[in-house]
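Observations on chain architecture
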Amino acid sequence: MDWGNVSTEDLIEALRAVEWSSTPRPLSEFFSRFTFPRSYSKWNSRLKCNLYYYRTNYFIMIVVILALRFVRRPLAIVAALLTAISIAFLNDSFAGTFSEKVARTVRQFSPHLAAKMRPALTPVIRGRPSTKRAIFICGRPRWVFVFVFSIVSFLLWFVSCGLLTVLWAFGIGLLATLAHASFKSPNLKARLNTFREEFRAVWRNYSEL
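Residues numbered from 1 in each chain as written. Predicted model: local features only at pLDDT ≥ 70, side-chain atom pairs only at ≥ 80, totals over all residues. Heavy atoms only, no water.

Turning next to the overall build of the chain. Across its full length, the chain holds ten helices and four strands. The long-range fraction of contacts in the chain, counting pairs at least 24 apart against all pairs at least 6 apart in sequence, stands at 82%. (Helix = DSSP H or I, 4+ residues; strand = E, 2+ residues; numbered from the N terminus. Contact = heavy atoms within 4.5 Å.)

Structure (structure tokens):
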């Protein structure tokens, strides 16, 4: 797969739709074989490949950097957690899993309330949905939860006076991610994994026809 031909929008869409609970890559592989890219095209292809393949490692690394900066500020830690959840809601798999677990828990106490948390049915025309499948969380559009969690986390950042600190920590995490993705040489296992993920995505699209 030529990652140089993959646009940034396609990469973001792939990260949004990919399975959120994928396990991180081993540290022995994550910190092995660093080389300097020989050209801009090589760097561009390597960057996109590593961002996709080591996505879980980068997410954990940024969370750890944020946690180290706020170890003495419990309120800021809660704000960071809510921010991470609001970002995770943008992933289809995480949003669906979260909604199912909440509905299953509520059903144990109030089946009537759990029934109200079901999303509205999408009209079907000639055996296919009339519009692109929308993502709902507890019966509400996903953007509602993203907006609410983002507002609450912003207020907590403001109250804890840790907004500037989190910007520095988040910037350090992004720079560390960019540096690693730029100099980490993709191995054969990474390429084979991306081929498998691409095949699954294509097969899933064909099965929906």
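Quick look at the packing of helix H5 (residues 74–88) against helix H8 (residues 142–160) now. At a closest axis distance of 8 Å, the pairing of H5 and H8 adopts a crossing angle of 160°. The angle between H5 and H8 places the two elements in the roughly antiparallel class. Viewed along their axes, H5 and H8 form a crossing whose handedness is left-handed. Along its contact with H5, which presents Leu75, Ala76, Val78, Ala79, Ala80, Leu82, Thr83, Ile85 and Ser86, the element H8 presents Val146, Phe149, Ser150, Val152, Ser153, Leu156, Trp157, Val159 and Ser160. Looking at side-chain class alone, the contact of H5 with H8 contains 13 nonpolar, five polar and no charged residues. (Axes fitted to C-alpha atoms, helices over the stretch in contact; angles between N-to-C directions. Parallel < 35°, antiparallel > 145°, perpendicular 65-115°, else oblique. Left-handed = near helix turned anticlockwise from the far one by under 90°. Nonpolar A, V, L, I, M, F, W, Y, C, P; charged D, E, K, R; others polar.)

Glancing now at the packing of aromatic side chains. Under the counting rule described, the total for this entry stands at twelve aromatic pairs. The interplanar angle of 40° and the centroid separation of 5.7 Å between the aromatic rings of phenylalanine 36 and phenylalanine 183 together place this pair among those described as tilted. Of this pair, phenylalanine 36 sits in the loop between helix H2 (27–30) and helix H3 (40–53) while phenylalanine 183 is found in helix H9 (residues 163–183), placing the two residues 147 residues apart along the sequence. On the basis of relative accessible area, phenylalanine 36 is assigned to the exposed category, the value being 63%. Residue class for phenylalanine 183 comes out partly exposed when judged on its relative accessible area of 33%. Ring centres of tyrosine 40 and tryptophan 43 lie 5.6 Å apart, and the angle between their planes is 40°; this geometry places the pair in the tilted category. (Phe/Tyr/Trp six-rings, centres within 6.5 Å; stacked < 30°, edge-to-face > 60°. Buried < 20%, exposed > 50% of the residue type's maximum accessible area, 1.4 Å probe, protein only.)

This part takes up the UniProt feature "transmembrane region" (unreviewed entry) in the chain. Annotation from UniProt places "transmembrane region" (unreviewed entry) at residues 52–71, 77–98, 143–160 and 166–183. Across residues 77–98 one finds 86% helix and 0% strand; the C-alpha atoms that close the span lie 21 Å apart. The span residues 166–183 shows a helical share of 100% and a strand share of 0%, and its end C-alpha atoms are spaced 26 Å apart. (UniProt positions renumbered as here; feature names shortened; annotations may be inferred.)

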